[in-house]
Number of protein chains: 2
Amino acid sequence: MINNPIQNIKGVHPPKTSVGLTKMHALAEVAERLFTQTSFFEVSVSDICKAAHTAVGTFYIYFETKTDIYRYLVADYQRRIKRSLSQSIAGCTTRHERERAGIKSFVRFSVNNPNVYHIVWGSLAVEKQLFVDYYMSFADSYARALRTDGEELTSEDVMSLAYMLMGIASFLGLRGMFENMTDEQIDTMVDGTIMPILQNGLFQPPAGLSL
Amino acid sequence: MINNPIQNIKGVHPPKTSVGLTKMHALAEVAERLFTQTSFFEVSVSDICKAAHTAVGTFYIYFETKTDIYRYLVADYQRRIKRSLSQSIAGCTTRHERERAGIKSFVRFSVNNPNVYHIVWGSLAVEKQLFVDYYMSFADSYARALRTDGEELTSEDVMSLAYMLMGIASFLGLRGMFENMTDEQIDTMVDGTIMPILQNGLFQPPAGLSL
């Protein structure tokens, strides 16, 4: 949770004062904890307010409904993931380096924020469109970024590449979360196995074509 | 839903008669429809029984709790996915062919069964261990199969490969589901973009090393 509120989320009204922001963030943190301990559907607005020591009326200043605080949590993960990705690739000069750094950064994020799967994938059950928008917008911006580095790539079908690469990062992140991987284990997996495949392929070259 | 009941699911007691099986499958079909229309947590056993025109007592012959019918749905998807994969690779003679057929089969399955994401990923919210077991057991059997074809592969780290390939198939399936892709579109995506990358890599070879 960072101090700069996300604008333009349907049903979410970020306050202008820092006291208000602190209250809003406290509500969101408590909501995430309760939603992931049990589920979105078993937690009420009044449960959230009780656990956050906040009046129910205050909740409705920031969030129109319980679904809107969930929408905020998804948007906040999206923003934190994008920020963590863009920080990790800041010094990179090639797409190859950006993919390496991006995959590692996402796996680390998953290990450090295991609730991300619960919140993002769980959005399918809360409001399917939220889930669809999350991944379609992620795929769009990934595909745009890949197009920018198109001369490094072997394919121009950047939308398929975007889904392929999101899938790789998401499932390596899942493994990282299951196994609570260390940074060293993540580096070994990505540097030792995944990047060589993205560089040279998964399969042995056909006989007679080896370099 | 097929007629052969899955054995050994905790809290699930498949009947021995075909009349019983029909009733059990009807309950499961209705439960899936209701769970995906709203959510697991907003649907009661009595809602399921009412919609299936079945007495509540009958439900409890087959399923000990509402969570157990969800567990059955996840296990049934796992079985159907594995069956569809093994049918699709039946005539294949190399790992390359098996991966091509397997990815296509999974994307088609996702287009034809869009609820699979809701049920499988939604299991994170219903009972996290169910979700963890689903993917860890899938990864284990995938890694074993890859090891069998190890001489075709450029890496021996079959567990990382399993997660990478599960991620690719899952996210291409997600795209297939979002865009309601036709078989022809799926073939173009997999044959035109994904398999060449798994064969030769995502990135242009370094200068001086091109074939």
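Bear in mind that the values here come from a model prediction, so they are computed numbers and not experimental data.

### So, the overall build of chain A
In step 1: In terms of helices and strands, chain A carries nine helices and zero strands.
In step 2: The N-to-C order of helical and strand elements in chain A reads α-α-α-α-α-α-α-α-α.
In step 3: Across the 211 residues of chain A, 57% fall into the buried class.
In step 4: Considering only contacts within chain A whose residues lie at least 6 apart along the sequence, 66% involve residues at least 24 apart.
In step 5: Positive and negative side-chain charges in chain A, numbering 20 and 22 respectively, have mean positions lying 6 Å apart.

### Examining the packing of aromatic side chains
In step 1: Inspection of the entire model under this criterion finds 39 aromatic pairs over all chains.
In step 2: Where Phe41 of chain A meets Phe41 of chain B, the ring centres are 6.1 Å apart and the plane angle is 15 degrees; that geometry is what we call stacked. With one member in each of two chains, Phe41 of chain A in the loop between helix H1 (18–37) and helix H2 (45–51) and Phe41 of chain B in the loop between helix H1 (18–37) and helix H2 (45–51) form a pair that bridges those chains.
In step 3: A centroid spacing of 6.0 Å and a plane angle of 40 degrees characterise the contact between Trp121 of chain A and Phe171 of chain A, whose relative ring orientation is tilted. With Trp121 of chain A in helix H6 (residues 115–126) and Phe171 of chain A in helix H8 (residues 158–179), the pair connects residues that are 50 residues apart, well separated along the chain.
In step 4: According to the relative accessible area criterion, Phe171 of chain A is buried, its value standing at 0%.

### A word on the interface of chain B and chain A
In step 1: In this assembly, 55 residues from chain B lie in contact with 55 residues from chain A.
In step 2: Of the roughly 5100 Å² buried between chain B and chain A, counting both surfaces, carbon and sulfur atoms make up 73%.
In step 3: For the pair chain B and chain A, the number of links is zero salt bridges.
In step 4: Going through the elements one at a time, helix H5 (95–112), helix H6 (115–126), helix H7 (128–148), helix H8 (158–179) and helix H9 (183–200) of chain B are the ones with two or more residues in the side of chain B that touches chain A.

### A closer look at the relation of the copies chain B and chain A
In step 1: Superposition of chain B onto chain A requires a rotation of 180 degrees combined with a translation of 0.0 Å along the rotation axis, giving an RMSD of 0.0 Å. The superposition of one copy onto the other is thereby described by a two-fold rotation axis.
In step 2: Taken as a fraction of all interface residues of chain B, those also at the interface in chain A reach 100%, which identifies the copy contact as same-surface.

### Examining the environment of Ser46 of chain B
Residues and elements named next belong to chain B.
In step 1: Position of Ser46 among the secondary structure elements: in helix H2.
In step 2: Using a relative accessible area of 37% as the deciding quantity, one classes Ser46 as partly exposed.
In step 3: Remark: the alpha-carbon pair of Ser46 and Val56, spanning 10 residues in sequence, is separated by 6.3 Å.

### Side note on H7 of chain B
Because each turn of an α-helix spans 3.6 residues, side chains separated by three or four positions end up pointing in the same direction.
In step 1: Helix length check: H7 of chain B, at 21 residues, gives a terminal C-alpha distance of 31 Å against a target of 30 Å (1.5 Å per residue), a fit within 8%.
In step 2: Within H7 of chain B the residues assigned to the buried category are Leu130, Phe131, Val132, Tyr134, Tyr135, Phe138, Ala139, Tyr142, Ala143 and Leu146 of chain B.

### As for the pattern of salt bridges
In step 1: Per the counting criterion, the structure on display carries 26 salt bridges over all chains.
In step 2: In this structure, Arg175 of chain B engages Glu179 of chain B in a salt bridge whose closest nitrogen and oxygen atoms are separated by 3.1 Å. Taken together, the residues span about one helical turn, with Arg175 of chain B and Glu179 of chain B both in helix H8 at a distance of four residues.
In step 3: Classification of Arg175 of chain B as buried rests on a relative accessible area of 10%.
In step 4: Each of the salt bridges in this network shares a partner with another, and the network as a whole consists of Arg100, Lys104, Arg108, Asp183, Asp187 and Asp191 of chain A.

### Examining the packing of H8 of chain A against helix H9 (residues 183–200) of chain A
All names here are of chain A.
In step 1: Two elements in contact, H8 and H9, have axes whose closest approach is 13 Å; the angle formed by their N-to-C orientations is 160 degrees. One element, H8, and the other, H9, form an angle in the roughly antiparallel class. The chirality of how H8 crosses H9 is right-handed. Contact with H8, carried on its side by Met164, Leu165, Ile168, Leu172 and Arg175, involves Met189, Ile194 and Leu198 of H9 and no other residues of that element.

### A look at the nonpolar core
In step 1: Formed by 150 residues in total, the largest nonpolar core has its most connected members in Trp121 of chain A together with Trp121 of chain B.
In step 2: Trp121 of chain B has contacts with Trp121, Phe131 and Phe171 of chain A together with Val116, Phe131, Tyr135, Ser170, Phe171 and Leu174 of chain B, leaving out every residue within four places of it along the chain.

### Some thoughts on the environment of Ala90 of chain B
In step 1: The topology assignment puts Ala90 of chain B in the loop between helix H4 (66–88) and H5.
In step 2: As for Ala90 of chain B and Ala101 of chain B, which are separated by 11 residues in sequence, their C-alpha atoms are 9.3 Å apart.

Procedures and definitions
- Residues numbered from 1 in each chain as written.
- Chains lettered and ligands numbered in written order.
- Predicted model: local features only at pLDDT ≥ 70, side-chain atom pairs only at ≥ 80, totals over all residues.
- Heavy atoms only, no water.
- Helix = DSSP H or I, 4+ residues; strand = E, 2+ residues; numbered from the N terminus.
- Buried < 20%, exposed > 50% of the residue type's maximum accessible area, 1.4 Å probe, protein only.
- Contact = heavy atoms within 4.5 Å.
- Lys, Arg positive; Asp, Glu negative; His and termini not counted.
- Charge placed at Lys NZ, Arg CZ, Asp CG, Glu CD.
- Phe/Tyr/Trp six-rings, centres within 6.5 Å; stacked < 30°, edge-to-face > 60°.
- Buried area = accessible area lost by both parts, 1.4 Å probe.
- Salt bridge = Lys/Arg side-chain N within 4 Å of Asp/Glu carboxyl O.
- Least-squares fit on C-alpha atoms with pLDDT ≥ 70 in both.
- Expected span 1.5 Å × (residues − 1).
- Axes fitted to C-alpha atoms, helices over the stretch in contact; angles between N-to-C directions.
- Parallel < 35°, antiparallel > 145°, perpendicular 65-115°, else oblique.
- Left-handed = near helix turned anticlockwise from the far one by under 90°.
- Core = buried A, V, L, I, M, F, W, Y, C linked by side-chain atoms within 4.5 Å.

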